[in-house]
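# Understanding the architecture of this molecule
Each chain, letter by letter, is given below.
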Number of protein chains: 2
Amino acid sequence: MKMKHKGILIVVSGFSGAGKGTLMKQLVRSYENYALSISMTTRKPRPGEEEGREYFFVDREEFEDKIKSDGLIEYANYCEHYYGTPREYVERQLERGKDVILEIEIQGALKVKEKFPTALLLFVMPPSVAELKKRLEGRGTESKEVIEKRLKRACEEAEGIEQYDYIVINDELEECVKEMHSLIQAAHYAPFRNEEFIEKMRKELAALG
Amino acid sequence: MKMKHKGILIVVSGFSGAGKGTLMKQLVRSYENYALSISMTTRKPRPGEEEGREYFFVDREEFEDKIKSDGLIEYANYCEHYYGTPREYVERQLERGKDVILEIEIQGALKVKEKFPTALLLFVMPPSVAELKKRLEGRGTESKEVIEKRLKRACEEAEGIEQYDYIVINDELEECVKEMHSLIQAAHYAPFRNEEFIEKMRKELAALG
């Protein structure tokens, strides 16, 4: 099938501990057609984080200017820091035909879907709750309270799953990356993402009649 | 990703000359997980057609009994003959986890979607109108009038494309069969086709809280 496509904006949400980050990095590494959106934040860089890799680090004033100039697709305020998605990078990549991946929680995901109705919403889940618990505990870096908070948060996030187009079950990484790729490829063939192609065919058919 | 699934009912429509039939046969031959639904009709078998392969051939009375006993998923009347989809075979195959493929035009497709809300609707198109014309003419068996009628019919069918989940562009057969398979695989991961799995996970998460 050959159709010229603008890229699709792909929003990835999911439980903390489901392995979203690794999955997305591996996807971008394995296939050429993806670009990872980088968020902007007012929080300070943590050790090991690099400007323009994990985040664009800006001050409060710069962030609020971005908000005013409609330069963000969505933004939110967590723990007294802003986090948002710069619009320009996303639109440039989509225009070039890249599928742009964005990691974001559900409220943000729904805001993105409003502004980009052709966005594809993916929800990453572990194969089971037992596995989720194991992964959270296995990190060994989190206290019991933090793990419980995350499980509670997962419980809340699970309420919104029906708002997503597909669930992605992260069991075995390589397998999951392939399936995620193939879900995204499939999305390119939804009629509402191919209005131009369909209209062209209709006009040509009408011209014959 | 491992989830236990019931099969999906797949409805295939598309322009005459788009190659639906070949595509579906090749799909069933290439992958294990499909079953082809066989229609029931009151028209007489044509030379070369076999009972239970192209159609189940029945008389008018038997067909109307099937209608009365709700034994058909959908049916229609063309040129004074009934055509319909027997329910029993479809449901048995879905129960066994097979994805059941059904070739049918748009009115029938929409009726099926009403009765089976998780049905997947695929619309097969040629890569261009020029190619469609070439294929119809290339058969060499059709008169000019018949070809024009088919193109006119295509024009009408094209009105309904937005009702379908995906368009399938039949350019190169093998390639297209692979892509059709991967669209169907993707459909298995829509949340509304995984209510049981999601509910189970929600319950388990809630139990931890």
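Please refer to the structure placed before this passage.
This report concerns the structure included in the present document. (Residues numbered from 1 in each chain as written. Chains lettered and ligands numbered in written order. Predicted model: local features only at pLDDT ≥ 70, side-chain atom pairs only at ≥ 80, totals over all residues. Heavy atoms only, no water.)

Helix and strand counts for chain A come out as 8 helices and 9 strands. Each of the three principal axes of chain A carries a C-alpha extent, and together these read 70 × 45 × 30 Å. Residue burial in chain A is summarised as follows: out of 209 residues, 49% are buried. Of the contacts formed within chain A by residues at least 6 apart in sequence, a portion of 68% connects residues at least 24 apart. When the accessible surface of chain A is summed, it comes to about 11,000 Å², and 49% of that surface belongs to carbon and sulfur atoms. When the 34 positive and 39 negative side-chain charges of chain A are each reduced to one mean point, those points stand 2 Å apart. (Helix = DSSP H or I, 4+ residues; strand = E, 2+ residues; numbered from the N terminus. Buried < 20%, exposed > 50% of the residue type's maximum accessible area, 1.4 Å probe, protein only. Contact = heavy atoms within 4.5 Å. Areas by Shrake-Rupley, 256 points an atom, 1.4 Å probe, with all protein chains shown as cover. Lys, Arg positive; Asp, Glu negative; His and termini not counted. Charge placed at Lys NZ, Arg CZ, Asp CG, Glu CD.)

Let's shift gears to the sheet that holds strand β9 (residues 166–169) of chain B. Residues and elements named next belong to chain B. Spatial strand order, β2-β7-β1-β8-β9: 5 strands in an open sheet with parallel pairing. A strand with exactly one partner marks an edge of an open sheet, and here the two such strands are β2 (34–36) and β9. For this sheet, the mean angle separating the axes of adjacent strands, direction not counted, is 30°. Strand direction decides the pairing type here: strand β8 (residues 120–125) and β9, joined by 4 bridges, are parallel. Across the sheet, the residue bridging to Val124 is Val168, located in β9. (Pairing = 2+ DSSP bridges. Axes fitted to C-alpha atoms, helices over the stretch in contact; angles between N-to-C directions.)

Judged by nonpolar contacts, the single largest core of 112 residues is most densely connected at Phe15 of chain A together with Leu9 and Phe15 of chain B. The contacts of Leu9 of chain B, once residues within four sequence positions are left out, are Ile73, Val90, Leu94, Val100, Leu102, Val112, Phe116, Ala119 and Leu120 of chain B. (Core = buried A, V, L, I, M, F, W, Y, C linked by side-chain atoms within 4.5 Å.)

Turning our eyes to something else, we now look at the side chain of Arg43 of chain A. By the secondary structure assignment, Arg43 of chain A is in the loop between β3 (39–41) and β4 (55–57). Engagement of the side chain of Arg43 of chain A in a polar contact is seen with the side chain of Glu49 of chain A, the distance being 2.9 Å. (Polar contact = N/O pair within 3.5 Å; in protein donor to acceptor, adjacent residues only side chain to side chain.)

A few words now on the interface of chain A and chain B. Facing the 45 residues of chain A at the interface are 45 residues of chain B. Between chain A and chain B, a total of about 3,900 Å² is buried, with carbon and sulfur atoms accounting for 71% of that surface. Inspection of the chain A/chain B interface yields 2 salt bridges. Its salt-bridge partner being Arg202 of chain B, residue Glu162 of chain A comes within 2.7 Å of it at the nearest N-O pair. Remark: the boundary between chain A and chain B carries 9 residue pairs in polar contact (both at pLDDT 80 or more). Secondary-structure elements contributing two or more residues to the side of chain A that touches chain B are α5 (129–138), α6 (144–157), β9 (166–169), α7 (173–187) and α8 (195–208) of chain A. The dominant element in the side of chain A that touches chain B, judged by the number of residues it contributes, is α8 of chain A, at 8 residues. (Buried area = accessible area lost by both parts, 1.4 Å probe. Salt bridge = Lys/Arg side-chain N within 4 Å of Asp/Glu carboxyl O.)

Relative to the helices and strands, His188 of chain A resides in the loop between α7 and α8. Not counting residues up to four positions away in its chain, the partners in contact with His188 of chain A are His5, Lys6, Ile8, Asp99, Arg193 and Asn194 of chain A.

Note on the identical chains: chain A maps onto chain B by a rotation of 180° and an axial translation of 0.0 Å, with an RMSD of 0.0 Å. Here the symmetry operator amounts to a two-fold rotation axis. Looking at the interface residues of chain A, 100% of them are also at the interface in chain B, so both copies use one shared face. (Least-squares fit on C-alpha atoms with pLDDT ≥ 70 in both.)

Let us now look at the pairing of strand β7 (residues 99–103) of chain A. All names here are of chain A. Counting buried positions over the 5 residues of β7 gives 4, a clear majority of the element. Here strand β1 (residues 9–14) runs beside β7; their pairing, made up of 4 bridges, is parallel. Looking at the pairing, Val11 lines up with Leu102 of β7. Relative to β7, strand β2 (residues 34–36) runs parallel, the two being bridged by 3 bridges. Looking at β7, one finds that Ala35 is bridged to Val100.

This brings us to the pattern of salt bridges. Pairs can form between side chains of opposite charge whenever their charged atoms are close. All names here are of chain A. Tallied over the entire structure, the rule returns 36 salt bridges over all chains. Here Glu131 ties to Lys134 by a salt bridge, and the two come within 3.7 Å at their closest N and O atoms. Linking Glu131 with Lys134, this pair stays in helix α5, spanning 3 residues, or about one helical turn. Under the relative-accessibility criterion, Lys134 is labelled exposed at 56%. Salt bridges here are not isolated pairs; linked through shared partners, they connect Asp70, Arg87, Glu91 and Lys115.

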